[in-house]
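So the chains spell out like this:
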Amino acid sequence: MNDSSRAKGGATGLAILSALELSARGLKVSFVCGDAGDAPELKAKGIDVIAAGSGRLLDRGRAHAMRKGVYDRQMRDFIDDVVRKTEGAGTVYHLHGWAQIFSPAVFAALARVAPRTFVHAHDMFLACPNGVYMDYRRNVLCTRTPLSANCVLTHCDKRSYAHKLWRVMRQRALFRNFDPAQGWAGILTIHPGMLPRLARAGYPDALMKVLRNPATPYTDARVQVERNSRYVYVGRLEEDKGVLDLARAVSRVGAELVCVGDGVLKDRLAQEFPGIQVTGWLSKSEIGQWVGNARALVMPSHHPEPFALVLAEAIGSGLPVAVAKTALMAEEIEAAGLGLSFDVFDPDDMDRVIREFREMEETTIEQMSWRCREGPVKLALDAGEWVERLVGLYEGAVSAA
């Protein structure tokens, strides 16, 4: 179950991947989505696509979106009907994205099958009103308890305080309908660093299970980073992703940067930093070509990314990474010698890490590259292992129920 049937983000891509892989293993799979269900790759494999035919909140009128985003009774009735038609002793429900179309109402409809329902935490929307534990107004990580007086009274939203209060209303609706006491099969987290953040919102440890995302390297062969000098960024071109900070840093240091991606900052980057190449969105194989000519990948996100797929894909290719300390993976990456971390809010520290990679001895960075490619520390699972673990979780839930 997922808001969307078209992969424009990591959660939807993983939902589609799991449906395809589970079907390939002989399980009967239905893909339940809130949009129109335009998913030819699913239908081609005989997967039943059950679509609500609705649209994302951002595509609706403001008043309609505000009302439906807090609790959409039509989505509740839609999911309730899906459960009635698919219910059985061996049926497992796996909810991925819910915040853009389904709304917290989806949890009310799933409550009666809670012991066989998994909820995938691809982000922190199960806990935090703005989904990332980030105070965007002050550019600092948030340590407040969700929906405490301190949380509600703090203007931390990227848009406005009114929008923050709307998010608070949605969070209250979520907490009312997603009650841990109902015996849900589990919350699947994508990184162990998410556990204390979910616990801060009141979720018990017993409910949470860590299932790292699957990742496929960008390249089949190790990137020979010791021969390269440029840096590469892969992702959305938006301010909270830190891409402007990175552009300023490479300009100060005099380094070469390629930005693979698209977003609202594309034109600004071209105007203010003509020496930086922006490719737009590319296929996985095309990204591999740019990665193959890089010395390091830089991920400068402002907010605490729970699992940055680009890091795992780059490291698996033998490409070391420079990662903002905000990322939950930053500490383990540096400890394993797979890259360097930096304070994205400190320009001097960002300059330092770019210089450090540039000035690193060829043998040193080559050894780092081999650790990335062949070393014992793996940040992600391969797709086969990931799906096998999913099947094991499903079997456990069915047996327990």
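Notes on the structure in this doc start here.

Thresholds applied
Residues numbered from 1 in each chain as written. Predicted model: local features only at pLDDT ≥ 70, side-chain atom pairs only at ≥ 80, totals over all residues. Heavy atoms only, no water. Pairing = 2+ DSSP bridges. Helix = DSSP H or I, 4+ residues; strand = E, 2+ residues; numbered from the N terminus. Axes fitted to C-alpha atoms, helices over the stretch in contact; angles between N-to-C directions. Phe/Tyr/Trp six-rings, centres within 6.5 Å; stacked < 30°, edge-to-face > 60°. Buried < 20%, exposed > 50% of the residue type's maximum accessible area, 1.4 Å probe, protein only. 1 Å grid on protein atoms, 1.4 Å probe; cavity = no way out; pocket = protein on both sides within 12 Å on 5 of 7 lines; lining within 4 Å. Points joined across faces, edges and corners; volume = space filled by probe spheres on them. Nonpolar A, V, L, I, M, F, W, Y, C, P; charged D, E, K, R; others polar. Contact = heavy atoms within 4.5 Å. Expected span 1.5 Å × (residues − 1). Arc of directions from axis to C-beta. Polar contact = N/O pair within 3.5 Å; in protein donor to acceptor, adjacent residues only side chain to side chain. Right-handed = clockwise from strand over helix to strand, strands pointing away.

Below, the discussion takes up the sheet that holds strand S7 (residues 186-189). Spatial strand order, S3-S4-S7-S8: four strands in an open sheet with parallel pairing. Each having just a single partner strand, strand S3 (93-95) and strand S8 (208-210) make up the two edges of the open sheet. For this sheet, the mean angle separating the axes of adjacent strands, direction not counted, is 25°. In this structure, strand S4 (residues 117-121) lies alongside S7, joined through four bridges in parallel fashion. The residue of S7 that forms the bridge with Val119 is Ile187.

Turning our attention to the packing of aromatic side chains. Applying the stated criterion across every chain, the model contains seven aromatic pairs. Here Trp98 and Phe107 contribute two aromatic rings whose centre-to-centre distance is 5.5 Å and whose plane-to-plane angle is 75°, an arrangement assigned as edge-to-face. The two residues Trp98 and Phe107 agree in class, both being buried. Taken together, a centroid distance of 6.3 Å and an interplanar angle of 80° make the contact between Phe107 and Trp184 edge-to-face.

For the rest of this paragraph, the subject is the layout of surface pockets. Within this model, the second largest pocket holds a volume of roughly 640 Å³. Around the second largest pocket sit 25 residues that line it, and Lys28, Val29, Ser30, Thr91 and Val92 are the ones nearest its centre. At the level of secondary structure, the elements contributing two or more residues to the lining of the second largest pocket comprise helix H1 (10-24), strand S1 (30-33), helix H4 (73-86), S3 and helix H16 (383-400). Its residues assigned to classes, the lining of the second largest pocket shows 14 nonpolar, seven polar and four charged.

With that settled, consider unusual backbone geometry. Phi at Tyr133 takes a positive value of approximately 55°, unusual for a residue other than glycine. As for its position among the elements, Tyr133 is in the loop between S4 and strand S5 (134-135). Within the chain, Asn139 stands out as a residue other than glycine whose phi angle is a positive 55°. Mapped onto the secondary structure, Asn139 falls in the loop between S5 and strand S6 (140-141). Relative accessible area serves as the criterion here: at 30%, Asn139 is assigned to the partly exposed category.

Glancing now at empty space enclosed by the protein. Where empty space is left can be seen by rolling a probe of water-molecule size over the atoms. The final tally for this structure, using the stated rule, is one cavity of 30 Å³ or more. Considered as a void within the structure, the largest cavity measures approximately 80 Å³ in volume. Lining the largest cavity are 13 residues, with Cys128, Cys142, Cys151, Cys156 and Lys164 positioned closest to its centre. When the residues that make up the lining of the largest cavity are grouped by side-chain class, the tally is eight nonpolar, three polar and two charged.

Read from one edge to the other, the open sheet built from six strands follows the order S11-S10-S9-S12-S13-S14, with strand pairing classed as parallel. The sheet is open, and its two borders are formed by strand S11 (277-280) and strand S14 (339-342), each paired with just one other strand. Recorded for the sheet is a direction-independent mean angle of 20° between the axes of neighbouring strands. Here strand S10 (residues 257-260) pairs with S11 via three bridges, running parallel. Paired with Cys259 across the bridge in S11 is Val278. In the packing of helix H9 (residues 243-253) onto the sheet, contacts are made with strand S9 (230-234), S10 and strand S12 (294-299), and the angle to S10 comes to roughly 165°. Against the sheet, helix H11 (residues 284-291) engages S9, S10, S11 and S12, with an angle of about 170° to S10.

This paragraph deals with H4. When the terminal C-alpha atoms of H4 are compared, their 20 Å separation across 14 residues agrees well with the 20 Å that a helix rising 1.5 Å per residue should span. Listing the buried residues of H4 in full gives Met75, Phe78, Ile79, Val82 and Val83. The arc enclosing the buried residues of H4, seen along the axis, measures out at 135°, which places them on a common side. Those residues of H4 that are exposed and angled more than 90 degrees off the buried face are Arg73, Gln74, Arg84 and Lys85. On its buried side, H4 packs onto S1, strand S2 (48-51), S3 and helix H5 (105-110). Structurally, the start of H4 carries an N-cap: the backbone nitrogen of Gln74 is 3.0 Å from a side-chain oxygen of Asp72.

What follows covers the pairing of S10. A two-sided burial pattern is seen for S10, the buried positions comprising Leu257 and Cys259 on one face and Val258 and Val260 on the other. Two elements, S9 and S10, share four bridges in a ladder whose sense is parallel. Across the sheet, residue Tyr233 finds its bridge partner in S10, namely Cys259. The parallel pair S9 and S10 is bridged by H9, and the resulting crossover is right-handed. In the classification by handedness, the crossover that spans S10, the intervening helix H10 (residues 266-272) and the parallel S11 is right-handed.

In short, geometric facts, not functional conclusions.
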